[in-house]
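Observations on chain architecture
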Amino acid sequence: MADRQTKNVLVFDSGVGGLSVYLEIKKQLPHFNYVYTFDNEAYPYGELNPKRLIERVSAIVANFVASHSIDIVVIACNTASTIVLPTLREQHSIPIVGVVPAIKPASMLANKAVGLIATPATITRQYTHDLIKDFSCDKNVELLGSTRLVDIAEDKLRGEDISTEELKQILEPLIHHIDVAVLGCTHFPLIKEEIQEALGSHVTLIDSGKAIANRVKGLMSVVAGDEGNEGKSIIFCSAPPLKESALNHSLKQLGFTPVQIHPLQGV
Ligand code: DGL
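What comes next is a walk through the structure. This structure is a prediction, so every number in the text was calculated from the model and none was measured. Counting restarts for each chain: residues are numbered from 1 in the order of the written sequence. The model is predicted, so local features are restricted to residues of pLDDT at least 70 and side-chain atom pairs to those at 80 or more, both for listing and for counting; the totals for chains, interfaces and linings are taken over all residues. No hydrogens and no water enter the side-chain calculation; it runs on all heavy atoms of the structure.

Any two cysteine sulfur atoms lying within 2.5 Å of each other are counted as a disulfide. Going through the model one piece at a time under the given rule, you end up with 0 disulfides. Considering cysteine sulfurs only, Cys77 is the nearest to Cys185, which forms no disulfide, with 6.9 Å between them. The buried label applies to any residue whose accessible area, calculated with a 1.4 Å probe on protein chains only, is under 20% of its type's maximum; exposed applies above 50%, and partly exposed to all values in between. According to the relative accessible area criterion, Cys185 is buried, its value standing at 6%.

Here it is as structure tokens:
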């Protein structure tokens, strides 16, 4: 039997940040169907106990893989990917793609120093320190972990204004010290322009979205000319979302039907 050309992609994050990755994948693969799910009940993952994080992500992914005939899973969350990928790959036979901070390209580009902006958990993970050791031994990497920046991105997607002053205060330790910044949390591309303004135009910002989209495309062996109509995008969360109607307004513009609540049982 010929392979189905319309694949079902599961994109997962703790919140709306993974939408930045979804948008990159959808740009390249508009004919696929997308199931986006976020664990807002346990958000923010950057402050979650690692054991609980692994349990929750495993349970949510298993649930959606089984119920939505998923062909590929994208863990669009650096905080989760830096810890949960081996477990998920043991549990599933379909491809599991993760997002980790783009230290290697950043270090290759930098002349001065790299700034890694991520969640408090990501900057302490062994995985992140190994990336820095392996791929940035000749460039200093300054670490900045902030949950407030993640909240700001959540607010922006709900139509709230962002205070440039507050962003400058958060990013202050990096200002004038770096020439390349890694957006090591998938929420941050959603506030990329504001981060750019705070850090200055001489700083190059790097995220992993496009690389992940390329990876998904490669793994799904897409053949040119096989594309059909645009696929469907649906979205779920684990608890009633904050400012639901403002959120749905933005989600509609990204091609989603209104968010549905899918509580996580027994974890
Ligand atoms: N978007 C997530 C990431 O890439 C984490 C946000 C959170 O702290 O929940 O790390």
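Here we come to the packing of helix α1 (residues 19-28) against helix α10 (residues 209-219). Under this scheme, a helix contributes an axis fitted over its contacting stretch, all axes are lines through C-alpha atoms, and angles between N-to-C directions fall in the 0 to 180 degree range. Secondary structure elements are taken from DSSP: a helix is a run of H or I of four residues or more, a strand is a run of E of two residues or more, and numbering for both begins at the N terminus. For the pair α1 and α10, the least separation of the axes is 8 Å and the interaxial angle reads 45°. Our classification of the angle between α1 and α10 gives oblique. The way α1 lies across α10 gives a crossing that is right-handed. In this structure, α1 uses Val21, Glu24, Ile25 and Gln28 to contact α10, whose residues at the interface are Gly209, Lys210, Ile212, Ala213, Asn214, Val216 and Lys217. Under the convention adopted here, Pro, Cys and the residues Ala, Val, Leu, Ile, Met, Phe, Trp and Tyr are nonpolar, Asp, Glu, Lys and Arg are charged, and Gly plus all remaining residues are polar. Across the contact of α1 with α10, the residue classes tally to 5 nonpolar, 3 polar and 3 charged. An angle counts as roughly parallel when it lies under 35 degrees, as roughly antiparallel when it exceeds 145, as roughly perpendicular when it falls between 65 and 115, and as oblique in every other case. In this scheme the handedness of a crossing depends on how the near helix is turned from the far one: anticlockwise by less than a right angle means left-handed, clockwise means right-handed. In what follows, residue pairs with any heavy atoms lying within 4.5 Å of each other are defined as contacts.

The next thing to look at is the packing of aromatic side chains. A ring pair, where both rings are aromatic, is described by two values, the distance of the centres and the angle of the planes. Only rings of Phe, Tyr and Trp enter the pairing, Trp through its six-membered ring, and a pair is recorded when the two centres are within 6.5 Å. The plane angle decides the type: under 30 degrees is stacked, over 60 is edge-to-face, the rest tilted. The tally for this structure, following the rule as stated, stands at 6 aromatic pairs. Summarising the aromatic geometry, the rings of Phe12 and Tyr45 are spaced 6.1 Å apart at their centres and angled 40° between planes, so their arrangement reads as tilted. Taken together, the residues span a long stretch of sequence, with Phe12 in strand β1 (residues 8-13) and Tyr45 in the loop between β2 (33-38) and α2 (50-67) at a distance of 33 residues. The exposure classification of Phe12 matches that of Tyr45, with both residues buried. Connected via pairs of aromatic rings, a cluster forms that spans Tyr22, Tyr34, Tyr36, Phe38 and Phe256.

Turning next to the packing of helix α7 (residues 147-157) against helix α8 (residues 164-171). When two helices pack together, their arrangement is given by the angle between their axes and by how far apart the axes lie. Packing of α7 against α8 leaves a shortest axis separation of 10 Å and a crossing angle of 150°. Between α7 and α8, the angle falls in the class roughly antiparallel. Considering the relative orientation of α7 and α8, their crossing is left-handed. Along the contact surface, α7 presents Arg148, Leu149 and Ile152, while α8 presents Glu166, Leu167, Ile170 and Leu171. Residue composition of the contact of α7 with α8, grouped by class: 5 nonpolar, no polar and 2 charged.

Throughout, the term near means that a residue has one or more heavy atoms lying within 4 Å of the molecule or strand in question. In the vicinity of the ligand, 14 residues are found, and the nearest of them are Ser14, Tyr45, Thr79, Thr186 and His187. The definition of a polar contact used here is a pair of N or O atoms within 3.5 Å, where within protein one atom must be able to donate a hydrogen and the other to accept one, and adjacent residues in sequence count solely through side-chain atom pairs. A distance of 2.6 Å separates an oxygen atom of the ligand from a polar atom in the side chain of Ser14. Of the residues in the shell around the ligand, the class split is 6 nonpolar, 7 polar and 1 charged.

Let's shift gears to the nonpolar core. For soluble globular proteins, the rule of thumb is that nonpolar side chains tend to be buried together. The term nonpolar core refers to a set of buried residues drawn from Ala, Val, Leu, Ile, Met, Phe, Trp, Tyr and Cys, joined through side-chain atoms within 4.5 Å. Ranked by internal contacts, the top residues of the largest apolar core, which has 53 residues, are Val74, Ile117 and Leu199. Tallying contributions element by element places α7 first for this core, with 5 residues. With sequence-adjacent residues up to four places away left out, Ile117 is seen in contact with Leu144, Leu149, Leu171, Leu174, Ala181, Val182, Leu183, Gly184, Cys185, Phe188, Ile195 and Leu199. Tyr45, Phe64, Ile70 and Ile96 belong to the second largest nonpolar core, which has 23 residues in total.

Being paired, for any two strands, means DSSP has found at least two bridges between them. Within the open sheet, the 4 strands sit side by side as β6-β5-β7-β8. Their pairing is parallel. Looking along the sheet, the strands with just one partner apiece sit at the ends: β6 (140-145) and β8 (204-206). Taking the axes of each pair of neighbouring strands and ignoring which way they run, one obtains an average angle of 25° across the sheet. Here strand β5 (residues 113-118) pairs with β6 via 6 bridges, running parallel. From the neighbouring strand, Gly115 faces β6, where its bridge partner is Glu142. Sitting on the sheet, helix α9 (residues 192-199) is in contact with β5, β7 (180-183) and β8, with an inclination near 145° to β8.

On to the pairing of β1, then. By the criterion of burial, β1 is predominantly enclosed, with 6 of the 6 residues buried. Here β1 shows no split at all, with Asn8, Leu10 and Phe12 on one side and Val9, Val11 and Asp13 on the other all buried. Bridging between β1 and β2 involves 6 bridges; their strand directions are parallel. Residue pairing in the sheet places Phe12 in a bridge with Thr37 of β2. Clockwise travel from the first strand over the helix to the second, with the strands pointing away from the viewer, marks a crossover as right-handed. One crossover worth recording links β1 to the parallel β2 by way of α1, and it is right-handed. Of the pairings in the sheet, the one linking β1 to strand β3 (residues 72-75) comprises 4 bridges and is parallel in character.

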